[in-house]
Amino acid sequence: MKKLCLFRHAKSTYGALGTEDLDRPLHEIGMSNVSLMGNVLTNKYKFKPDLIMTSHAVRTVLTAELLCEPLGYKKEKIRVEKSLYEAGVEELLQDIKLVDSKVKNLLIVGHNPGLTLLANFLADTHVNNLPTSGMFAIELDSKSWEDISTANNKVLFFDEPKNHQ
């Protein structure tokens, strides 16, 4: 069994006029929420990633880095994938299917609408919106990432900062 946690980047700021979407930094509220949810992920759900993958956008990389401390994960092990930026379900699945089968617990830090669409595709549930710093995890009925499908997957949790404030 494989466990996949989808974590939407923290609340970002739009910064100065002309700031490119890729370069948007995190808002103070976002940084606080990442710390909060990282602790929830560790203490409540006992989720320890073997691999963290993130898009190359500043806000996702910073979110992934902030998650490292509460998760006990080394920042230098974060895998940055440009293909995760603005990825849809097919692109996300392609990246997931390339993950080494030794990885049991995968955490992806990414963007909407792709993460919400992927959650709905893989799970027998309906997630209306994965909010910023929200997380959705499923246990996949697969022995390897290459073989993931929509059959027999189990939702582990869907959580967001407002549930802990």
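Residues numbered from 1 in each chain as written. Predicted model: local features only at pLDDT ≥ 70, side-chain atom pairs only at ≥ 80, totals over all residues. Heavy atoms only, no water.

Visitor: Which residues make up the packing of aromatic side chains, and what are the values?
Guide: For the structure on display, the rule yields two aromatic pairs. Between Tyr-45 and Phe-157, the ring centres sit 3.8 Å apart and the planes meet at 15°, which makes this aromatic pair stacked. Highlighted residues: Tyr-45 in the loop between helix H1 (28-43) and strand S2 (51-54) and Phe-157 in strand S6 (residues 154-159), separated in sequence by 112 residues. You can call Phe-157 buried: its relative accessible area is 6%. (Phe/Tyr/Trp six-rings, centres within 6.5 Å; stacked < 30°, edge-to-face > 60°. Helix = DSSP H or I, 4+ residues; strand = E, 2+ residues; numbered from the N terminus. Buried < 20%, exposed > 50% of the residue type's maximum accessible area, 1.4 Å probe, protein only.)

Visitor: Before we move on, can you summarise unusual backbone geometry with the specific residues and values?
Guide: Here the bond from Asn-112 into Pro-113 is cis, since omega is 5°, no more than 30 degrees from zero. Mapped onto the elements, Pro-113 comes out in the loop between strand S4 (105-110) and helix H4 (114-122). A positive phi angle, near 60°, is found at Ser-133, a position not held by glycine. Given a relative accessible area of 0%, Ser-133 falls into the buried group.

Visitor: Please provide a residue-by-residue account of the sheet that holds strand S3 (residues 79-80), values included.
Guide: Strands sit in the order S3-S2-S4-S1-S5-S6 across an open sheet of six strands; the sheet is mixed. Every interior strand has two partners, whereas the edge strands, S3 and S6, have only one. For S2 and S3, the ladder comprises two bridges, and the chain directions are parallel. What sits directly across from Thr-54, in S3, is Val-80. The sheet strands contacting H4 are strand S1 (2-8), S4 and strand S5 (135-140), and the helix crosses S1 at an angle near 150°. (Pairing = 2+ DSSP bridges. Contact = heavy atoms within 4.5 Å. Axes fitted to C-alpha atoms, helices over the stretch in contact; angles between N-to-C directions.)

Visitor: Kindly report on the nonpolar core, identifying the contributing residues and their values.
Guide: Judged by nonpolar contacts, the single largest core of 47 residues is most densely connected at Leu-4, Leu-6, Leu-106, Ile-108 and Trp-145. When residues of this core are traced back to their parent elements, those giving at least two are S1, H1, S2, helix H2 (58-71), helix H3 (89-97), S4, H4 and S5. Broken down by element, the residue count for this core peaks at five residues, all from S5. Those residues within four positions of Leu-4 in sequence are excluded, and the remaining contacts are Ile-96, Leu-106, Ile-108, Leu-122, Phe-136, Ala-137, Ile-138, Leu-140 and Trp-145. (Core = buried A, V, L, I, M, F, W, Y, C linked by side-chain atoms within 4.5 Å.)

Visitor: Could you give me a rundown of the state of the cysteines, with the residues and numbers involved?
Guide: Disulfide: a covalent bond connecting the sulfur atoms of a pair of cysteines. This model, assessed by the stated rule, comprises zero disulfides. The thiol sulfur of Cys-5 is not disulfide-bonded, and the nearest other cysteine sulfur, from Cys-68, lies at 13 Å. By relative accessible area, which is 2% here, Cys-68 ends up buried. (Disulfide = S-S within 2.5 Å.)

Visitor: Any chance you could break down the environment of Val-58 for me, citing the residues and the numbers?
Guide: Tracing the chain through its elements places Val-58 in helix H2. Residue Val-58 is classed as partly exposed on the basis of its relative accessible area, which comes to 28%. Between the alpha carbons of Val-58 and His-9 there is a distance of 9.7 Å; along the sequence they are 49 residues apart. What Val-58 contacts, discounting residues up to four positions off in sequence, is Leu-22, Asp-23, Arg-24 and Pro-25.

Visitor: Could you give an account of the packing of H1 against H2, with specific residues and numbers?
Guide: Viewed as axis vectors pointing N to C, H1 and H2 meet at an angle of 40°, and their least axial separation amounts to 8 Å. By the angle between their directions, the pair H1 and H2 is classed as oblique. Handedness of the H1/H2 crossing: right-handed. Where H1 abuts H2, its residues Met-31, Val-34, Gly-38, Asn-39, Leu-41 and Thr-42 lie against Thr-63, Leu-66, Leu-67, Pro-70 and Leu-71. (Parallel < 35°, antiparallel > 145°, perpendicular 65-115°, else oblique. Left-handed = near helix turned anticlockwise from the far one by under 90°.)

Visitor: How would you sum up the environment of Glu-76? Please name residues and give values.
Guide: Among the structural elements, Glu-76 can be located in the loop between H2 and S3. Since its relative accessible area comes to 66%, Glu-76 is described here as exposed. In this structure, the C-alpha to C-alpha distance between Glu-76 and Glu-65, residues eleven residues apart in sequence, is 9.1 Å.

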